[in-house]
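Given next are the chains, with one letter for each unit.
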Amino acid sequence: MKFNTKTIHGGQEYDKAYGAVMPPIYQTSTYAQTTPGGHKGYEYSRTHNPTRTALENALASIENGEYGLAFGSGLAAIDAVLKLLKPGDEVIVTNDLYGGTYRLFTGIYEDFGIKFRFVEMNDAGNTENYISPATRLIWVETPTNPMMNIIDLEKIAAIAKKHRLLFAVDNTFATPYLQQPLDLGADIVMHSATKYLGGHSDVVMGALVVKAKELAEKLRFIQNASGAICGPMDSFLVLRGIKTLHVRMQRHCENGREVALFLADHPLVEKVYWPGLENHPNHDIAKRQMRDFGGMVSFVTRGNDFEKAIRVVERLKVFTLAESLGGVESLAGHPASMTHASIPKEERERSGVVDSLIRLSVGIEDKEDLLEDLRQALD
Ligand SMILES: *Cc1c(COP(=O)(O)O)cnc(C)c1O
């Protein structure tokens, strides 16, 4: 099955009871047994739920994995991966990453004795210099948030393999439409399904997809034992979202290109970060690793003036000033005061998140309206 067919049919079978084409929302906590242990595969909805199973099978299919696991949020999914580790273990992490991931790592897991090394990975080979005998996991985000750096997944996978480390990729920004990390050598793919997979800004959810059975069993144990699962209604919504992922992504990419080119030409814009621009430092890796370049675009206004950047985001009308990304509607954010406020200023600026940086999640509206909105806000 090819990708577009997988988003609609991957891992799905029609409902056994009445032939419903979409899986019913099994809004139940428990399942009747005829005799102790006599059940139809479902006992209790923390462990399994048929609507969640349908979603988890779809997730596995679109990421070219074998096993999918859905969680109550993206951070709950990351949390489950971290629970594979033990005190004393070390993790190598992309230095430019989602603020909430940074907060989970440094604010919670450091206190449990896990050490995180935040590493600049634009030169993927650099990662190897940070490996110690205690290293267990490499955690990568690409494109990075919000600087749109592209990290060479095949190179990192080779390093992980050589040193027998787990390699996890946060694929939230790219989605499997643009890149499939398991095919490039990753062991775990993670999503904030809140974003492009759900796609309609109406649900918070996380996901993991893996190929190896033993790893899946460990994560399944953690999912059930820790209990950070998602409900059947949310499972249904994300399953519905996935069915249009390919058509939405195509338009996100088209509009992203228009917006990036418009901004790159605008006299009040100093810098545009979008991997499809030829002057993007990792453009070649992006071309090799990704099918297209996505709808996330960051830019810095000229003069690097905090107040000016705030005025621009306040004046946008079609773009909504809001956290999050990946929905059908266009959103604008100011990372330094919003998504990345939990990262200390010094550390933030080292990775390029300056006070005038604006991040756009370009939606699937008419491009003319998006460009006009940016034009009036910048003017
Ligand atoms: C939003 C996001 C997360 C966290 O996901 P939640 O669903 O908000 O918990 C993790 N990584 C990236 C790249 C994100 O954008």
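Scroll up for the structure.
Procedures and definitions
Residues numbered from 1 in each chain as written. Predicted model: local features only at pLDDT ≥ 70, side-chain atom pairs only at ≥ 80, totals over all residues. Heavy atoms only, no water. Core = buried A, V, L, I, M, F, W, Y, C linked by side-chain atoms within 4.5 Å. Buried < 20%, exposed > 50% of the residue type's maximum accessible area, 1.4 Å probe, protein only. Helix = DSSP H or I, 4+ residues; strand = E, 2+ residues; numbered from the N terminus. Domains from an automatic or database assignment. Contact = heavy atoms within 4.5 Å. Near = heavy atom within 4 Å. Polar contact = N/O pair within 3.5 Å; in protein donor to acceptor, adjacent residues only side chain to side chain. Phe/Tyr/Trp six-rings, centres within 6.5 Å; stacked < 30°, edge-to-face > 60°. Lys NZ or Arg CZ within 6 Å of the ring centre and 35° of its normal.

A. Examining the nonpolar core more closely. Ranked by size, the top nonpolar core spans 67 residues in total, and within it Leu263, Val272 and Leu360 carry the most contacts. Top element by residues in this core is helix α9 (residues 245-264). It accounts for 7 residues. For this core, the domains that each give at least three residues are domain 1 (3-242) and domain 2 (246-378). Sequence-distant contacts of leucine 263, that is, excluding residues within four places in its chain, are made with Val269, Val272, Val297, Phe299, Leu360 and Leu378. Core analysis: the second largest hydrophobic core is formed by 31 residues, Ile78, Leu82, Phe116 and Trp139 among them.

B. Spatial organisation of the site of the ligand. In the vicinity of the ligand there are 13 residues, among which Gly74, Asp170, Ser192, Thr194 and Lys195 approach most closely. Note that an oxygen atom of the ligand is positioned 2.9 Å from one of the backbone N or O atoms of leucine 75. Contact between the ligand and serine 192: an oxygen atom at 2.8 Å from a side-chain N or O atom of the residue.

C. Examining unusual backbone geometry more closely. In the segment running from threonine 142 into proline 143, the intervening peptide bond is cis, with an omega of -5 degrees. Topologically, proline 143 is positioned in the loop between β4 (135-141) and α5 (153-162). A cis amide bond links asparagine 145 to the next residue, proline 146, at an omega of 5 degrees. Structurally, proline 146 is set in the loop between β4 and α5. In this model, arginine 164 sits at a positive phi of 55 degrees, which is unusual for a non-glycine residue. Assignment of secondary structure puts arginine 164 in the loop between α5 and β5 (166-170). One non-glycine residue with positive phi stands out, namely asparagine 304, at about 50 degrees.

D. Seen up close, the packing of aromatic side chains. In total, this model carries 7 aromatic pairs according to the counting rule given. Between phenylalanine 105 and phenylalanine 116, the ring centres sit 4.6 Å apart and the planes meet at 5 degrees, which makes this aromatic pair stacked. Here phenylalanine 105 is found in helix α4 (residues 99-107), whereas its partner phenylalanine 116 is found in strand β3 (residues 115-119), with 11 residues between them in sequence. Phenylalanine 116 shares its class with phenylalanine 105; the two are buried. Taken together, Phe105, Phe116 and Trp139 form an aromatic cluster joined through their ring pairs. The ring of tyrosine 98 carries lysine 195 above its face, with NZ or CZ at 5.1 Å from the centroid. Above the plane of the ring of tyrosine 177 lies arginine 291, whose end atom (NZ or CZ) is 3.9 Å from the centre.

By themselves, these are just geometric observations and shouldn't be taken as functional.
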